[in-house]
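Observations on the model geometry
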Amino acid sequence: MLTNRITEIFGVEHPIVQGGMQWIGRAELVSAVANAGALGMLTALTQPTPRDLRTEIARCRDMTDKPFGVNLTVLPSIRPMPHMEYAEAIVESGITIVETAGSNPAPFMPLFDAAGVKVIHKCTSVRHAIKAQQVGVAAVSVDGFECAGHPGEDDVPNLVLIPAARAALDIPIVASGGIGTGRGLAAALMLGAEGVNMGTRFMCTVEAPLHDNVKRAMVEATELQTDLIMRPLRNTARVARNSVSTEIIRILDGGGVFEDVRELVAGARGRTVYETGDVEAGIWTAGLVVGLIDDIPTCAELVSRMVAEAEALICGAVAMIAAPV
Ligand SMILES: Cc1cc2nc3c(=O)[nH]c(=O)nc-3n(C[C@H](O)[C@H](O)[C@H](O)COP(=O)(O)O)c2cc1C
């Protein structure tokens, strides 16, 4: 058993988190992660309105009696979202775990604190993690350069980012980005994290609500098949490489502006990929860890084998130290 402050604070069996994932973080996946003893996050903004989010939370509760949380991502978007109304829907639904991401969680903390919600803030730098600790979050999830989605602009991989965060913080850290195996879990614990957050790896599970073609493309992909788009606009996103991602890079590297790529980056096109299985229909999110994915397990299989592998590796390392030479 791997138990620590993360399992204690969030009331889960294993120190493994399924981070928010736009279009994917729905009740089917989150309840499967929860039933596997890990911490799943519904993705608030996947639901078109705060009212739909309340319904999705209730649907998830019908599928599990284990703890789960909700991700609230606050990023500039083509269609502005009523983030505070989503936050109110979360609290009024009785959710006690929230993953915030995208910007400083301070505006939401009075609401969450008053309701006894434990916040895990996802960020991409030590300075943002320190800021989150100052505003009272329970834990931080630190996303390294390897991660799917928004790695920030500092380009610091987890081998350096996690120990740097560990040295600067008192609250527990969850390592995020590039993790998909027990080896990654064991390494993250050694680097100073008390858990791991995974997006890409949970996307490629039986219960993840996306077309099988996309899962099969992930199994076939190597670690060389992601792109960093939107770099010149300082809004970098790591996505699966396809004809759309390469076109966006070509336009922006050639001096294009956001308006020139607006239609290509539209979230609705990404959603089409997951729904139809046409992996060239739009941009879709995936991290470097696709190179380590070679099957489509259930969430329960994935979590139990990761924990077993990590425990065996840690015990092996201890035995190596203890063994007489
Ligand atoms: C398909 C997909 C969609 C994502 N959408 C969001 C999101 O809406 N909000 C968010 O905070 N993180 C989002 N992420 C990031 C994940 O929560 C997590 O931080 C990241 O995937 C960790 O890196 P990994 O993919 O290497 O495990 C997304 C990731 C994926 C793969």
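Before reading further, recall that the structure is shown in the block above.
Here's a quick rundown of the structure. (Residues numbered from 1 in each chain as written. Predicted model: local features only at pLDDT ≥ 70, side-chain atom pairs only at ≥ 80, totals over all residues. Heavy atoms only, no water.)

The next point concerns the packing of aromatic side chains. In this structure the tally under the stated criterion is one aromatic pair. Geometry around Phe 145 places Arg 238 over its ring, the cationic atom sitting 4.9 Å from the centre. (Phe/Tyr/Trp six-rings, centres within 6.5 Å; stacked < 30°, edge-to-face > 60°. Lys NZ or Arg CZ within 6 Å of the ring centre and 35° of its normal.)

Quick look at helix H13 (residues 267-276) now. Among the residues of H13, those classed as buried are Gly 270, Val 273 and Tyr 274. One side of H13 carries all its buried residues, which in axial view fall inside an arc of 90°. Facing away from the buried side of H13 by over 90 degrees, the exposed positions are Ala 268 and Glu 275. Where H13 is buried, its residues meet helix H9 (200-203) and helix H10 (212-220). Taken from the residues just after H13, Gly 277 is the one with a positive phi, measuring 85°. (Buried < 20%, exposed > 50% of the residue type's maximum accessible area, 1.4 Å probe, protein only. Helix = DSSP H or I, 4+ residues; strand = E, 2+ residues; numbered from the N terminus. Arc of directions from axis to C-beta. Contact = heavy atoms within 4.5 Å.)

Before going further, it helps to examine the packing of helix H2 (residues 27-35) against helix H3 (residues 50-63). Two measures define how a pair of helices packs: the angle their axes make with one another and the distance between the axes. The contact between H2 and H3 brings their axes to 9 Å, and the two run at 40°. Considering their axes alone, H2 and H3 lie oblique with respect to each other. As for how H2 packs across H3, the hand of that crossing is right-handed. Across the interface between the two elements, Ala 27, Glu 28, Val 30, Ser 31 and Asn 35 from H2 touch Glu 56, Arg 59, Cys 60 and Met 63 from H3. In terms of residue class, the contact of H2 with H3 is built from four nonpolar, two polar and three charged. (Axes fitted to C-alpha atoms, helices over the stretch in contact; angles between N-to-C directions. Parallel < 35°, antiparallel > 145°, perpendicular 65-115°, else oblique. Left-handed = near helix turned anticlockwise from the far one by under 90°. Nonpolar A, V, L, I, M, F, W, Y, C, P; charged D, E, K, R; others polar.)

All quantities given are derived from atomic positions and should not be read as evidence of function.
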